[in-house]
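# Coordinate inspection notes
One letter stands for each residue in the lines below.
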Amino acid sequence: MTDAILLQREGGLLTLQLNRPDKKNALTRAMYTQLAEALEQADADSGIRAVLIQGSNECFTAGNDIADFLEQPPSDLDSPPFHFMKSLLNCRKPVIAAVAGAAVGIGTTLLLHCDLVYISRDARLRMPFVNLGLCPEFGSSLILPRLLGHAKAAELLLLGEGFTGEQAAAWGIATEAMGSGEAALVKAREVAQRFETLAPGAVQVSKQLMKSVDREQLRQVIEVEGALFVQRLKSPEAIAALSGFIARR
Ligand code: COA
């Protein structure tokens, strides 16, 4: 267990808070495993109606811990980041995200698999996979071109251009952009609590219906992306870029 993930249960709501402020909530292997296990328990526990994922009102997450990527890169599709994303994809309960500040790498990708996303207008999102010698992950190479068209998605995935919370909401990546990080966290909590009053069976069947059409194709794409991502982590391009990040700090 690590206090880098804080778990809080209030009634039917489970909150998973990323809490590693000195490293901008960058996700380590231990953090992924704890998140995965919490999501699996939430899925199995009939008392839990919804899961809220949040960072602080200043930072969501800087993505995968870059030192971890160099020292203990995921070697197969059962490695901790894959375990976490599989639990998120398989979670039958609604998952709500509250985002403020930086949401980088998997911090952006994971939002594509949440049900409702409340974000501060000035949040800074970015998927710098190519910039790090890597490639898109967890279905983003399928979902983003569909959502935005190839030309816009290419700007985000090939150039690694950053974008704001306001843009994320305008493009359908987030549900609503709020005036501040605090407002995004408050709104996400209020919405997540509404699931206490909604019929859980109806919510789960409806979520399943919304996700089922693309499920098989998404699974296949994620498998291909995952295998390439694991390969790319060992490439000289990625090792140079990731080592450069560490060296600059
Ligand atoms: N992995 C490991 N450590 C990270 C990290 C990451 N992904 N992102 C930030 N950190 C660490 C920094 O090394 C620094 O640690 P230090 O104080 O011990 O040197 C600390 O967090 C603060 O980061 P800093 O860059 O000074 O904060 P900032 O507010 O100027 O910028 C970010 C925040 C998120 C924009 C910037 O840190 C960043 O771009 N991080 C890399 C994100 C990334 O590429 N993730 C994708 C991985 S696939």
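Residues numbered from 1 in each chain as written. Predicted model: local features only at pLDDT ≥ 70, side-chain atom pairs only at ≥ 80, totals over all residues. Heavy atoms only, no water.

Per an unreviewed UniProt entry, the chain is named Enoyl-CoA hydratase, and its organism is Pseudomonas edaphica. In its Subcellular location (unreviewed entry) section, the UniProt entry covering the chain states "Peroxisome". For the record of the chain, the UniProt heading Sequence similarities (unreviewed entry) holds the text "Belongs to the enoyl-CoA hydratase/isomerase family." (UniProt positions renumbered as here; feature names shortened; annotations may be inferred.)

Pairing between the strands of a sheet comes from backbone hydrogen bonds, and it takes one of two forms, parallel or antiparallel. Taken together, 6 strands build an open sheet; the order of strands is S1-S2-S3-S4-S6-S9 and the sheet is mixed. Looking at which strands have only one partner, the edges of the open sheet turn out to be strand S1 (5-10) and strand S9 (176-178). Neighbour-to-neighbour, the strand axes of this sheet turn through a mean angle of 20°, independent of strand direction. In this structure, strand S3 (residues 50-54) lies alongside strand S4 (residues 95-99), joined through 4 bridges in parallel fashion. For Ile53, the partnering residue across the bridge sits in S4 and is Ala97. Where helix H8 (residues 181-194) meets the sheet, its contacts fall on S1, strand S2 (13-18), S3, S4, strand S6 (116-120) and S9, and the angle it forms with S6 comes to roughly 160°. (Pairing = 2+ DSSP bridges. Helix = DSSP H or I, 4+ residues; strand = E, 2+ residues; numbered from the N terminus. Axes fitted to C-alpha atoms, helices over the stretch in contact; angles between N-to-C directions. Contact = heavy atoms within 4.5 Å.)

Empty space within the largest pocket amounts to approximately 1,300 Å³. For the lining of the largest pocket, the elements supplying multiple residues, two or more each, are helix H3 (80-90), S6, helix H5 (140-148), helix H9 (200-212) and helix H10 (215-233). Sort the elements by how many residues they give to the lining of the largest pocket and H9 lands first, with 8 residues. For the lining of the largest pocket, the class distribution of residues is 23 nonpolar, 8 polar and 12 charged. Taken as a whole, the second largest pocket encloses approximately 1,000 Å³ of empty space. The wall of the second largest pocket is formed by 40 residues, among which Ala62, Asn64, Ile66, Val104 and Phe245 lie closest to the centre. When residues of the lining of the second largest pocket are traced back to their parent elements, those giving at least two are helix H2 (66-71), H3, strand S5 (102-104), strand S7 (124-126), H10 and helix H11 (236-248). (1 Å grid on protein atoms, 1.4 Å probe; cavity = no way out; pocket = protein on both sides within 12 Å on 5 of 7 lines; lining within 4 Å. Points joined across faces, edges and corners; volume = space filled by probe spheres on them. Nonpolar A, V, L, I, M, F, W, Y, C, P; charged D, E, K, R; others polar.)

Neighbouring residues of the ligand: 16 residues in total, closest Lys23, Ala62, Asn64, Ile66 and Arg249. Here Lys24 contributes a side-chain N or O atom positioned 3.3 Å from an oxygen atom of the ligand. Coverage of the ligand by the protein amounts to 69% of the 870 Å² it exposes when considered alone. Put simply, the ligand lies in the second largest pocket. Elements with a contribution of two residues or more to the shell around the ligand: H2 and S5. Considering only residue class, the shell around the ligand consists of 9 nonpolar, 1 polar and 6 charged. (Near = heavy atom within 4 Å. Polar contact = N/O pair within 3.5 Å; in protein donor to acceptor, adjacent residues only side chain to side chain. Areas by Shrake-Rupley, 256 points an atom, 1.4 Å probe, with all protein chains shown as cover. Sits in = over half its atoms within 2 Å of the grid points.)

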